[in-house]
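Residue-level listing of the chains:
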Amino acid sequence: MARPPLGQIDDLATLTNLDETTLLEELRFRYRKDQIYTYIGDILVAVNPFKDVGIYTNKFSAMYKNSKKSCSPPHLFAVADSAYQAMTGVQPNRAKNQCIVISGESGAGKTESTKLIIKQLVELCKGNNQLEQQILQVNPLLEAFGNAQTLMNDNSSRFGKYIQLKFQGGSLMGAKISEYLLEKSRVVYQNPGEENFHIFYYMFAGLSPEQQNKYRLKNASGYKYLCEGKASLKTSFSKHQNYFAELLNAMDLVGFEEQEQTDMFQILSAVLSMGNLEFENNESDAAYLKDSGHLETVASLLGIEEQLINDVLTHSQTVTKGEVVRRNYTKEFAEDCRDAMTKALYGRVFGWIVNKINQLLAPSETVSPSESMEIGILDIFGFEHFEVNSFEQACINLANEQLQFFFNQHIFMLEQEEYETEGIDWTSIPFVNNQPLLDFFLGRPIGLFALLDEESLFPQATDHTFVEKMNRNFMNNHFYVKSKDARSNIFSIDHYAARVEYSADGFLEKNRDTLPQGVMQLLQESKNCLLSQIFRGTITRTGTLALQMRTSRGFSKRKRNVQLPTKAGQRKLTLGAQFKNSLNVLMEKMSACNPHFIRCIKPNTTKAANLFEDHFVLLQLRYCGMLETTRIRKQGYAIRQLFSDFVEKYKILALKSKLSSDKNGCVQILKATGLQNWQLGKTKVFLKYFHADELASKIEEMAQASLLLQKVVRGFLARRRFAKLKEDARRWRNIANNFLNNIEKLNHCSYEKQQVLIQKDQIIPQDFFKGLGKGSTPSVRPTTKELPKPPVPAHATADVRNKDDDQQKTKKEPEYDEADDSEEDILEDEFLRTKKNMKYGPEGTRQASIRWFKETQSKKLSAEGFAPWFHGIITRRDAEKLLWDKPIGCFLLRVSESRFGYSLSFRVKERCKHFMIDQTPSGKYVVVGEPKVHESLKALVTYHQKNPISPFGDLLTEPCGQKDGEVDYAELLDGPVRVPPSRPPLPPSNLPTTSKPVTPDVHGRSDSLAPPLPDRNRSPKLPRKKGKAPPPPQTESQTSQAPYLSLIRNQRDQHVYQKTGGDPHQPKN
């Protein structure tokens, strides 16, 4: 069979012959055509283009919604859709929690892929609530504090994260983020050519001069902790400025309070100033602070006394037998204390941010695990190999080794073990198992991290003694390569990707991760509320900051392979032990899910677009086992389903009324569908990965056939029903004709009888009638009884017989629309989450909304002045009445009664739209469903007069003011009310005037505008009395229209005066 042309195959597992050369040629050709995604079975290979290829718009997002993989080109959105369908039970396997594992080199595009995956998952379950926008803002928020520029990547993740999106019934209900091993050492030191965390550069570019003075910030080049600071701000100032604005918007949208943000920026500014604290040794070799100016800045920002900070950084004090013993620090030790305190400050701030996000994005209701599902996305640091590799690179590369093992375990080991257990015909495929290397790192008692923890216990141990211990214990381990120089702290490890040379300098200090004596207590007593809070929290056994005092549930300690501190010493876990525990918990979570793999490939080492380096790409394909993966995806069975589950899901394809849920039933279904290359084990059906789309197509064909059958049957039933109706109509027509004929015969009989009576009257003498006129009256008694009703015909139906009785029993009342006039029927006004601000009263009541407005909004809005578009607590129907005859885009903003917030109503073609406006914890405002946060309601209105408020391009144009002489927000204010103008004065028109003026009708409307909605009248119907009827009671709306009705009467009287020439004010006779 001839090989297809290059680039024409989306799934490389379908190629007949595939080797390294073919795999590389296909990826290179597709990359040059901007086809950066390729399937290898159900695994997606993504090559970083280092440019925008224009395939992430709404058009592509819609293309991959509820679609089959074989119907569209390979894409990240297809993986997201596949995971979502698998979670909801649409795909062949039973509904189960899913996880998406994104792996690859540093700079291969993992972080961007994570953001796109989350964006598509949010689109798949799009509902109109603020939670989705909050989740979308999480990644930019974490990137600012956890990412930095390195030699390999301009936006490198310096921490790992596992994002769990929680669903209920297919709808997003919350999210949780787990973070792993933040590279805190980057705060105090960066390699040449690299930068500190992004947030510091954002602050210098985005903060105003007043804010920089407030936070005591100076020129970026004056901070020792900012390497390349001046160069970065010079080349990317505007970019950093935009990123800072996006960061503030994200923090407001997610729910960070304004005071929390202020405290946080104070701590970050103090972190930078800490680096400028310089120490020298005096004659006694004791450290002292050279310049107290920077210390004053640090103390002011942290809310701590200068002397207390100086003391904990330069000496320690202990009490021995009642005597205070002071031990002075050397210059080097004081600098280490300064850096340790700085790292602790930044690490705790980052942990607080993650903790705050989890708190704000948690599901509003407690749902049992059986009722909720989740999709996890893993974005973890890529494999790193720098000129100098330290403790952080060892941990990062260990995490990548663990991910490679997870990949091998699911793709090779577990799958092939299941083939053997089920007894199917299978030839084993060899692969590189990195389990021995994991044992080298994690084994106990002789493992790299175990030896590191042991050495960290000895105060006199050094990094060199640690290296010597490894040289003795790993002498015969082929993964470990010791340095040729016995005095050096260098050693090498053969990873699955490459051999990496590590420098052990700083290993022990970083692993201990301790704070100097007295620093913890000092920071806990700070006047900065946030600083005091985060240092009163506890560090969990996985290294995360715990502020909610909650314990994880769902995983038993018996199952977890975590290292716990002993009760005897209560010694703090080392950083290495915390990292091992976090990896074990992560693997446990992912093992309970159905995995989807995305392999990110970095095409070159220079981060340049349109450059594909064959050798560099081939190395990545080799060490991640892509060739073996292709072989097992081609020969293996990715879908493995129990007999009973398979029959239950696909029994309709067998076209039989009864089907056994065993092996025979599966065979009948598979033969009926015509699938090839499947196998049956002892308890499961084994299918190829592409069989899922084939079965879905069969189901779709069956659905179309069933629709056709339904159409034919319904047509037949409709025709039969129509024929019966025609027959009934013919029968009723005959009955009516017979009835009319009988009436005609009766009329003829009555006429003949009348003629006979007339003839008899002519025979009566005239004297008889004269006697009647002399006062004799016939004795005829008038009756007050009603004449009896005519008998009901025998052929009448029961409905006709009972019609008159029903009319007597019930009186016909005027019908009114019973739709509630409150905001409870508005979709946008039913955004329900955890009740907040209960101190104002039960949310959803008018009194509570009034109190909320008076206590939180009145002062702010009064200072700005009430705009013409502002309205009080009016209902949606009242808003629509005001907007009914207004032009498109006319808008008003009203206080909501159903929740603590506002509603925006505006006129569109043929109807009105309504959107909720929420106030963030920071006191700003956001339209629910929109990503932009605004300082004030006025700023919100101004922004959406230029930018669409919905995907349909709706813009706000002119405000809709109050009715003349009215103010509907008077109850919200305590003082006198000034009526604002209904609308601003119109600019002079440049249009030519016409000779014919536009005259309003008696209701004050122009003929070109639609009439307003009439007021409802729900007053009960009162019984009428004799005489003049009392005037009906006036409703609130009628009272408010009194001036309007008076104007109408005056216009009517004037109209009469012009016709008759009389005085309209003269009383009538």
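Residues numbered from 1 in each chain as written. Predicted model: local features only at pLDDT ≥ 70, side-chain atom pairs only at ≥ 80, totals over all residues. Heavy atoms only, no water.

**Remarks on a nonpolar patch on the surface**
- Taken together, the side chains of V713, F716 and L717 define a hydrophobic patch exposed on the protein surface, amounting to about 250 Å² of accessible area.
- Tracing the backbone shows F716 in helix α26 (residues 691-763).
- With relative accessibility at 45%, the residue F716 sits in the partly exposed group. (Patch = residues over 30% accessible without salt bridge, like charges linked within 9 Å, V, L, I, M, F, W, Y side chains within 5 Å. Areas by Shrake-Rupley, 256 points an atom, 1.4 Å probe, with all protein chains shown as cover. Salt bridge = Lys/Arg side-chain N within 4 Å of Asp/Glu carboxyl O. Helix = DSSP H or I, 4+ residues; strand = E, 2+ residues; numbered from the N terminus. Buried < 20%, exposed > 50% of the residue type's maximum accessible area, 1.4 Å probe, protein only.)

**Points about the pattern of salt bridges**
- Counted according to the given criterion, the structure contains 38 salt bridges.
- Note that E454 and K469 form a salt bridge whose closest N and O atoms lie 2.7 Å from each other. Here E454, found in helix α16 (residues 448-456), pairs with K469, found in helix α17 (residues 463-473); they are 15 residues apart in sequence, far enough to count as distant.
- Given the relative accessible area of 9%, K469 is considered buried.
- Salt bridges sharing common partners tie together R158, E183, R186, E194 and E384.

**Regarding the environment of S896**
- Mapping S896 onto the fold places it in the loop between β23 (891-895) and β24 (902-908).
- Once the C-alpha coordinates of S896 and G872 are considered, the two residues, 24 residues apart in sequence, prove to be 8.2 Å apart.
- A polar contact of 3.4 Å, which involves the side chain of S896, links it to the backbone nitrogen of S898.
- A polar contact of 3.5 Å, which involves the side chain of S896, links it to the backbone nitrogen of R899. (Polar contact = N/O pair within 3.5 Å; in protein donor to acceptor, adjacent residues only side chain to side chain.)

**Here's the deal with helix α32 (residues 937-944)**
- Listing the buried residues of α32 in full gives L937, L940, V941 and H944. Each buried residue of α32 sits inside an arc of 95° when the element is viewed along its axis, so together they form one side.
- Next to the buried residues of α32 lie α30 (858-864), β23, β24, β25 (911-919) and β26 (925-927). (Arc of directions from axis to C-beta. Contact = heavy atoms within 4.5 Å.)

**Things to note about helix α3 (residues 76-88)**
- In this model, α3 (13 residues) spans 19 Å end to end at C-alpha, consistent with the 18 Å of a helix rising 1.5 Å per residue.
- Counting buried positions along α3 yields 12 of 13 residues, so the element is predominantly enclosed.
- All of the buried residues in α3 are L76, F77, A78, V79, A80, D81, S82, A83, Y84, Q85, A86 and M87.
- Of the residues trailing α3, G89 is marked for its positive phi of about 85°. (Expected span 1.5 Å × (residues − 1).)

**A short note on the sheet that holds strand β15 (residues 499-503)**
- Spatial ordering of the open sheet is given by β13-β14-β15, a layout of three strands whose pairing is antiparallel. Pairing within the sheet leaves two strands with one partner each, and these edge strands are β13 (480-482) and β15. Across the sheet, the axes of successive neighbouring strands diverge by a mean angle of 25°, strand direction being ignored.
- Two elements, β13 and strand β14 (residues 490-494), share three bridges in a ladder whose sense is antiparallel. Looking at the pairing, V481 lines up with S492 of β14. (Pairing = 2+ DSSP bridges. Axes fitted to C-alpha atoms, helices over the stretch in contact; angles between N-to-C directions.)

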